[in-house]
Amino acid sequence: MWPSVFTVPPFNYESELHLETANAECNASGTYLSLPPKLKSHILERLSEEILKLKVYPTDNDLNDVAEALVKKHPCLSEQGSFNGCYGWKISLKYKMANLRSKLRGLGCPEVTINSLKNKNQDKRLAASNVKKPRRAEVNYCPQHPKGETTESLEKDRVALLSEIKKRNNEHIVKLKMEKTFSYRRQEILKGEPLIADFKSRWPALFTAREIDREFHRISTLPLLSTFCAALDQYSPRLMEIFRCKGGAAGRKIRNVMVEISKQFVFSDSVPAL
């Protein structure tokens, strides 16, 4: 996830020495650094590498955070005439990330290639149209295929899954094949945007309670059930107050259920631990 405070990475020895001298002069006399092109290029390169670890498609606010963190750590890099002293750095970072995405697209990075013009519909073939980005909780948004695997080999595993799921006591094999085909399944969802009925017929193993929990963990690295229960426990007191205030027939039914729940809690509290 994007940090609340962006940490500026260290630069190479020559650049750090140059900035250290310029920062000392800036603090002493208020003189800002006249930035050499080579130094600026290296700074943008290191910052873009650090941003890429967090997001391939950073927002304007994200880039603004990076620019502000940079001039805060190195005051000599502040821009005269800029309303916040770092607007030019933000624009430079924006173009740098666009160039970096172009390089990644040429190397076949799935998270970038899904937004290439050839993978968009005819009516949406614009660079800024329908850009697919990971949502807040999606850590493994569009992973690459496992080493040594191709789309054709993973399609064979998908077909094999259709028969494996019908066998009894075969959960371990199904789990392994579902993990193996995760990247293929994610790219199919993001690129093809299939209908639920069609997707369910192709991946019936995914529509079980255990595999839904595992798929959630693969995407977000968080366990679904325990995360949901923890959130439910957090809001339970407020929900109980709302239920008590409910009137009418629905309120009477809810109160009867709450009485039974209260009895269960009292019973569980009275039973000594073994």
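The residue numbers shown here count from 1 along each chain, following its written sequence. Side-chain atom pairs in this predicted model are given and counted only at pLDDT of 80 or more, local residue features only at pLDDT of at least 70, and totals for whole chains, interfaces and linings cover all residues. No hydrogens and no water enter the side-chain calculation; it runs on all heavy atoms of the structure.

**Student:** Is there a simple way to think about the overall build of the chain in this case?
**Tutor:** Helix and strand definitions follow DSSP, with helices as H or I runs of at least four residues and strands as E runs of at least two, each counted in order from the N terminus. Scanning the chain from terminus to terminus reveals 12 helices and zero strands. When the elements of the chain are put in sequence order from the N terminus, they spell out α-α-α-α-α-α-α-α-α-α-α-α. Between the two quantities, the radius of gyration covers C-alpha atoms and the globule rule is 2.2 Å times the number of residues to the power 0.38. A compact globule built from 274 residues should have a C-alpha radius of gyration of about 19 Å, whereas the chain, at 27 Å, is more than 25% larger. For the chain, the spread of C-alpha atoms along the three principal axes comes to 75 × 50 × 45 Å. Categorising residues by exposure relies on relative accessible area from a 1.4 Å probe, with only protein chains included: less than 20% of the type maximum marks a residue as buried, more than 50% marks it as exposed, and the intermediate range marks it as partly exposed. Per-residue burial over the chain gives 32% buried out of 274 residues. What makes two residues a contact is simply this: any of their non-hydrogen atoms within 4.5 Å. The long-range fraction of contacts in the chain, counting pairs at least 24 apart against all pairs at least 6 apart in sequence, stands at 61%. Accessible surface computed for the chain: about 18,200 Å², of which carbon and sulfur atoms make up 58%. Under the convention used here, Asp and Glu are negative, Lys and Arg are positive, and both His and the chain ends fall outside the count. For charged residues, the charge sits on one atom: NZ in Lys, CZ in Arg, CG in Asp, CD in Glu. Across the chain, the mean location of the 45 positive side-chain charges is 6 Å away from that of the 32 negative side-chain charges. Note on areas: Shrake-Rupley with a 1.4 Å probe; residue coverage comes only from the protein chains shown.

**Student:** How should the packing of aromatic side chains be read in this particular structure?
**Tutor:** To describe a pair of aromatic rings, you give the distance between the ring centres and the angle between the ring planes. Aromatic pairs are defined between Phe, Tyr and Trp rings, using the six-membered ring for Trp, whenever the two ring centres lie within 6.5 Å; interplanar angles under 30 degrees are classed as stacked, those over 60 as edge-to-face, and all others as tilted. The tally for this structure, following the rule as stated, stands at five aromatic pairs. Consider the rings of Trp2 and Phe6, whose centres lie 5.8 Å apart with planes at 20 degrees: the pair is stacked. For Trp2, a relative accessible area of 18% gives the class buried. Relative to Tyr87, the ring of Phe83 has its centre 5.8 Å away and its plane inclined at 50 degrees; by these criteria the two rings are tilted. With a relative accessible area of 69%, Phe83 lands in the exposed category. The exposure class of Tyr87 is partly exposed, given its relative accessible area of 41%. Ring pairs connect the aromatic residues Tyr184, Phe199, Trp203 and Phe207, which therefore count as one cluster. Charge-over-ring contacts are defined here by two conditions on Lys NZ or Arg CZ: a distance within 6 Å of the ring centre and an angle within 35 degrees of the ring normal. Seen from the ring of Phe207, Lys200 lies directly overhead, with NZ or CZ sitting 5.7 Å from the centre.

**Student:** Can you walk me through unusual backbone geometry in this structure?
**Tutor:** Outside of glycine, negative phi angles account for most residues, and trans bonds account for most peptide bonds. Its identity is not glycine, yet Asn169 carries a phi of approximately 50 degrees, on the positive side. Along the chain, the position of Asn169 falls in the loop between helix H6 (151–164) and helix H7 (171–180). Notably, Thr221 is not glycine yet its phi reads approximately 65 degrees, a positive angle. Examined against the element boundaries, Thr221 turns out to sit in the loop between helix H10 (209–220) and helix H11 (224–245).

**Student:** Explanation requested: H6 in the structure shown.
**Tutor:** Along an α-helix, a turn takes 3.6 residues, which lines up residues three or four apart on a common side. To estimate how far a helix should reach, multiply one less than its number of residues by 1.5 Å. Helix length check: H6, at 14 residues, gives a terminal C-alpha distance of 20 Å against a target of 20 Å (1.5 Å per residue), a fit within 8%. Looking only at H6, the buried set comprises Leu154, Asp157, Arg158, Leu161 and Glu164. Viewed along the axis of H6, the buried residues span an arc of 115 degrees, placing them on a single side of the element. Exposed positions of H6 whose direction lies more than 90 degrees from the buried face are Glu152 and Lys156. The secondary structure elements touched by the buried residues of H6 are H7, helix H8 (182–192) and helix H9 (196–202). Throughout, the arc means that of the directions going from the helix axis to the C-beta atoms.

**Student:** Explanation requested: the pattern of salt bridges in the structure shown.
**Tutor:** Between side chains of opposite charge, pairing is possible as soon as their charged atoms come close. Note on definitions: salt bridges are taken to be side-chain nitrogens of Lys or Arg within 4 Å of carboxyl oxygens of Asp or Glu. Under the criterion given, the structure shown has 21 salt bridges. Where Glu49 meets Arg46, a salt bridge forms, and the shortest distance between an N and an O atom there is 3.1 Å. Separated by three residues within a single helix, Glu49 and Arg46 lie in helix H2 (residues 37–54), roughly one turn from each other. Across the pair Glu241 and Arg238 runs a salt bridge whose closest N-O atoms are separated by 3.2 Å. Here the residue Glu241 and the residue Arg238 both occupy positions in helix H11, the gap between them amounting to three residues, near one helical turn. Through salt bridges with shared partners, a single ionic network connects Glu171, Arg185, Arg210, Glu211, Arg214, Glu215 and Arg218.

**Student:** Would you mind going over the packing of H7 against H8 with me for this structure?
**Tutor:** A pair of packed helices can be characterised by two numbers: the angle between their axes and the separation between those axes. The convention used is that axes are lines fitted to C-alpha atoms, helices contributing only their stretch in contact, and that angles between N-to-C directions extend from 0 to 180 degrees. One can describe the packing of H7 onto H8 by two numbers: an axis separation of 4 Å at closest approach and a directional angle of 55 degrees. Put simply, H7 runs oblique to H8. The segment H7 lies against H8, with Met178, Glu179 and Lys180 engaging Phe182, Ser183 and Arg185. With respect to orientation, any angle under 35 degrees is reported as roughly parallel, any angle over 145 as roughly antiparallel, any angle of 65 to 115 as roughly perpendicular, and every other angle as oblique.

**Student:** Got a minute to help me understand the side chain of Gln187 in this structure?
**Tutor:** Its location among the elements puts Gln187 in helix H8. Residue Gln187 is classed as buried on the basis of its relative accessible area of 11%. Nitrogen and oxygen atoms within 3.5 Å of one another constitute a polar contact, given that in protein one can donate a hydrogen and the other can accept it, and given that sequence-neighbouring residues count only through two side-chain atoms. A distance of 3.1 Å separates a polar side-chain atom of Gln187 from the backbone oxygen of Pro143. Beyond its immediate stretch of four places on either side in the chain, Gln187 contacts Pro110, Cys142, Pro143, Gln144, His145 and Gly192.

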